[in-house]
Amino acid sequence: MNAFEFRAPPRIVVQDGASERLGALLSGLGVRHALIVTDPFLASSGLIDAAVSGLGPAGVAVTVFDAVVPDPPEASIQAAVAMARGAAVDAVVGLGGGSAMDTAKLAALLAASGQRLDDVYGVDRADGPRLTLVQMPTTAGTGSEATPISIVTTADGQKQGVVSDWLYPDLAILDATLTLGLPPRATAMTGIDAMVHAVEAYTTRLRKNAVSDALAVRALGLLGQNIRRAVEDGSDLVARRAMLEGSLMAGMAFANAPVAAVHALAYPLGGLFHVPHGLSNALVFAQVAGFNLPKVDTLYAELAPVLPEDLTERRHDGEGFVAAIGALVAQMPMEQRLVEVGVEAADLDRLAADAMKVTRLLVNNPREVTLDDARAIYGAVL
């Protein structure tokens, strides 16, 4: 076995209704004043009320930053940092989807360390200290509650990543009841995103390891077997719980065995066309899987049996796996072609050029991706 290190949040709480214990959990960490980082919808819908209402009785003061936007731009991150500093909080709680949790990570880091956002883009460029960090996902997709990664959209539409062990939370709280209100389209997009994490972690060229492999296989099984149930019946708590646990495991897997070309090609779609991250991944997932097949046929064959039997008759080979992925994505209630999200043929060169800049991820792909390859993949799903 190759030598490897595996890292994860030091504490994870998985319990229906755990959000109601947020005050006690924060108090147990010594927190006196927390900044809740969330988005306008969650703040106005009442979904976070149970979590927030328990802070005062636990002796924890609360300030709410409710201006998170999808694919958080630099200005949004800076606003959260400014609020954290201005309120003199000692903890940050990310409560929402991946954008809220990514914003929370950087608010906790930059508010305490004094570093500039521009100075921490890249791998291991961030320094501590940081504020206490707690993550509570309301979607089953990004796995951000278990990763040391935060993605930011720059002013020119590029996706920049901050990768640092300082971004692992002190505590991740998974309460499946928080995901019950997620609409079918959002459930589908985030669920496919989590499946991409599992597949790319299992087939990554660099840092593939036994622990990530085990988590990726289990995650893919949970996600693949439950995503249609969660989409069809948003109140199915059993399916919702399985999706949330699968997303967590996939996040833990790719935090240690990094994602690759699916994400690299998805980022320009988000940056240039404001396509939600999960949908960006879904649009290119099957095509990239097929592109990688010659290099990972055996690995795909190992993954194929965990997917639902009705997706393909070929249950134990790589081609069957690619077919199953394509069939499952096609069943999801979301856009299936790039033209449906505003992409035109004239945009393909720009998309391909921007994808090639994501070298941090392309280096992990099991098959080398050239500029022509990237353009062909986009063209195939136009």
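Keep in mind that this is a model prediction, so the values were computed, not measured.

## Topic: the overall build of the chain
Scanning the chain from N- to C-terminus turns up 14 helices and nine strands. A compact globule built from 382 residues should have a C-alpha radius of gyration of about 21 Å, and the chain, at 20 Å, falls within 12% of that. Across the 382 residues of the chain, 60% fall into the buried class. Sequence separation of at least 24 residues holds for 77% of the intrachain contacts in the chain that already meet a minimum separation of 6. When the accessible area of the chain is evaluated, it comes to approximately 14200 Å², of which 53% is carbon and sulfur surface. When the 28 positive and 42 negative side-chain charges of the chain are each reduced to one mean point, those points stand 3 Å apart.

## What about the confidence of the model for the chain?
Across the chain, the average pLDDT comes to 94, with 100% of residues at 70 or higher. Helix α3 (residues 49–53) is the least confidently modelled element of the chain, averaging 87 in pLDDT, while helix α14 (residues 371–380) averages 98, the highest of any element.

## Observations concerning the sheet that holds strand β3 (residues 61–65)
Ordered in space as β1-β9-β6-β4-β2-β3, the six strands form an open sheet in which the pairing is parallel. Only two strands of the sheet have a single partner each, and these edge strands are β1 (12–14) and β3. Averaged over neighbouring strand pairs, the angle between their axes works out to 20° when direction is ignored. In the sheet, strand β4 (residues 91–96) pairs with strand β6 (residues 132–137) via six bridges, with the strands oriented parallel. Within β6, the residue paired with V93 across the bridge is V134. Across the face of the sheet, helix α4 (residues 74–87) comes into contact with β2 (33–37) and β3 while running at roughly 160° to β3. Each of β1, β6 and β9 (171–174) is contacted by helix α8 (residues 237–256), which is oriented at about 160° to β1, the strand it contacts most.

## A word on the environment of R315
Relative to the helices and strands, R315 is located in the loop between α10 (277–303) and α11 (318–330). Judged by its relative accessible area of 19%, R315 is buried. With near-sequence residues (within four places) excluded, R315 lies in contact with A304, P305, L307, P308 and E309.

## Looking at the packing of helix α9 (residues 261–273) against α14
Relative to each other, α9 and α14 sit at 65°, their axes nearing to 11 Å. In this structure, α9 crosses over α14, and the sense of that crossing is right-handed. Listed contacts from α14 to L265, P268 and L269 of α9 are A374, I377 and Y378. Its residues placed into classes, the contact of α9 with α14 shows six nonpolar, no polar and no charged.

## Digging into the pairing of β9
Going residue by residue along β9, you find L171 and I173 tucked away on one face and A172 and L174 tucked away on the opposite face as well. The pairing of β1 with β9 spans three bridges and is classified as parallel. Within β9, the position partnered with V14 by the bridge is L174. Where β6 meets β9, two bridges bridge the pair, whose relative direction is parallel. Looking across to β9, one finds that V134 is bridged to L171.

Conventions we followed
- Residues numbered from 1 in each chain as written.
- Predicted model: local features only at pLDDT ≥ 70, side-chain atom pairs only at ≥ 80, totals over all residues.
- Heavy atoms only, no water.
- Helix = DSSP H or I, 4+ residues; strand = E, 2+ residues; numbered from the N terminus.
- Rg over C-alpha atoms; globule rule 2.2 N^0.38 Å.
- Buried < 20%, exposed > 50% of the residue type's maximum accessible area, 1.4 Å probe, protein only.
- Contact = heavy atoms within 4.5 Å.
- Areas by Shrake-Rupley, 256 points an atom, 1.4 Å probe, with all protein chains shown as cover.
- Lys, Arg positive; Asp, Glu negative; His and termini not counted.
- Charge placed at Lys NZ, Arg CZ, Asp CG, Glu CD.
- pLDDT = per-residue confidence, 0-100.
- Pairing = 2+ DSSP bridges.
- Axes fitted to C-alpha atoms, helices over the stretch in contact; angles between N-to-C directions.
- Left-handed = near helix turned anticlockwise from the far one by under 90°.
- Nonpolar A, V, L, I, M, F, W, Y, C, P; charged D, E, K, R; others polar.

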